[in-house]
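# Architecture at a glance
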Amino acid sequence: GFFRALPAEGILAAAPDVLFVSPDAGPPEVLESLEAAGVVVVRLPAMTAEIESFEAIIDMIGVAVGAPDHAADLADALVAAYGEVAMTAADDAPIVLYAVARGQNVMLTGLDSPSNTFIEAVGFTPAAEALGLDTAAPLTPEAIVVADPVVIITTHSSAAQAGGEAAFLALPGVAESTAGINAALVVWDDDAEIQQWTPRTPTMLLELRAVLDELLG
């Protein structure tokens, strides 16, 4: 079920020993009923733009499943691998915009999103930084014109919601931007890994950098 409307019966039918939930999962009474039934409910912290937030989540999961040392090793290896591939964007680095569909709106993610950390880590300036946007906001034509990204990154679901890649590039503001004029749209295969930290993040960054370098020549 939807994570804010978890079905107690369905979860109990799977007979879990441990249930990991995000901060927004619920409703609270369902989680309480699961705990009363003997399920260990682990409420994970929110993932932020910093890799340390993912490190904390890995550690919590390791403790919950009885493998804290393995989890700590995994977290350390991930942080080290990220440090090896992450770049520091130059002050005049080209601007890249990441946008994602949210309901009927296309949203520009803010600096609190890992997606913008990833853009900077591959050597570009996130549009959210150029616009001074701390949290997500609707992608308005005015914002696109001000940012004028050289590339726009989105997800398959977002492109599909817009009616396809051509329709996405024809959105007001997008069409007039440098990215729109040059059809410089990157539709990432895996919606999750371009938006949040995963064990594949260091590898994903190498792949993203290669895609952007090829696109921009």
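See the structure above.
Residues numbered from 1 in each chain as written. Predicted model: local features only at pLDDT ≥ 70, side-chain atom pairs only at ≥ 80, totals over all residues. Heavy atoms only, no water.

On the surface, a cluster of nonpolar side chains totalling about 220 Å² of accessible area is made up of F20, I61 and V65. Within the secondary structure, V65 is located in the loop between α3 (51-64) and α4 (68-85). (Patch = residues over 30% accessible without salt bridge, like charges linked within 9 Å, V, L, I, M, F, W, Y side chains within 5 Å. Areas by Shrake-Rupley, 256 points an atom, 1.4 Å probe, with all protein chains shown as cover. Salt bridge = Lys/Arg side-chain N within 4 Å of Asp/Glu carboxyl O. Helix = DSSP H or I, 4+ residues; strand = E, 2+ residues; numbered from the N terminus.)

For the rest of this paragraph, the subject is the packing of α3 against α4. Contact pair α3 / α4: the axes reach a minimum separation of 7 Å and the direction vectors enclose 160°. Taken together, the axes of α3 and α4 are roughly antiparallel relative to one another. Seen along the crossing, α3 lies across α4 with a hand that is right-handed. Residues I51, F54, E55, I58, D59, G62 and V63 of α3 touch α4, and the partners they reach there are P68, A71, A72, L74, A75, D76, L78, V79 and Y82. (Axes fitted to C-alpha atoms, helices over the stretch in contact; angles between N-to-C directions. Parallel < 35°, antiparallel > 145°, perpendicular 65-115°, else oblique. Left-handed = near helix turned anticlockwise from the far one by under 90°. Contact = heavy atoms within 4.5 Å.)

Taken as a whole and judged by the stated rule, the model has four salt bridges. D24 serves as the salt-bridge partner of R4, at 3.6 Å between the closest nitrogen and oxygen. Of this pair, R4 sits in the segment before α1 (8-13) while D24 sits in the loop between β1 (18-21) and α2 (28-36); the two residues are 20 residues apart in sequence, bridging distant segments of the chain. What makes D24 partly exposed here is its relative accessible area of 46%. For the salt bridge of R200 with E193, the shortest nitrogen-to-oxygen distance reads 2.4 Å. Judged by relative accessible area, E193 falls into the buried class, the value being 8%. What emerges from the salt-bridge pattern is a single network uniting E193, R200 and E207. (Buried < 20%, exposed > 50% of the residue type's maximum accessible area, 1.4 Å probe, protein only.)

Here we come to the packing of aromatic side chains. In total, this model carries two aromatic pairs according to the counting rule given. With centroids separated by 5.2 Å and ring planes inclined at 80°, the aromatic side chains of Y82 and W197 adopt a geometry described as edge-to-face. One end of the pair, Y82, is in helix α4; the other, W197, is in the loop between β8 (185-188) and α11 (201-216), and 115 residues separate them in sequence. Ring geometry for F118 versus W197: centroids 4.9 Å apart, planes at 90°, classification edge-to-face. Of this pair, F118 sits in helix α5 (residues 114-121) while W197 sits in the loop between β8 and α11, and the two are 79 residues apart along the sequence. One exposure class covers both F118 and W197, and it is buried. Three or more aromatic residues joined by ring pairs make a cluster, and in this case those are Y82, F118 and W197. (Phe/Tyr/Trp six-rings, centres within 6.5 Å; stacked < 30°, edge-to-face > 60°.)

Summarising the element assignment, V122 is placed in the loop between α5 and β5 (125-126). The residues touching V122, leaving out its near neighbours within four places in the chain, are M87, L205, L208, R209 and L212.

A few words now on the side chain of T155. Of note, T155 is situated in strand β7 (residues 151-155). Owing to a relative accessible area of 0%, T155 belongs among the buried residues under this scheme. Polar contacts involving the side chain of T155 include one to the side chain of S157, which spans 3.2 Å. Ignoring sequence-local partners within four residues, the contact set of T155 consists of Y98, A99, V100, V187, W188, D191, I194 and Q195. (Polar contact = N/O pair within 3.5 Å; in protein donor to acceptor, adjacent residues only side chain to side chain.)

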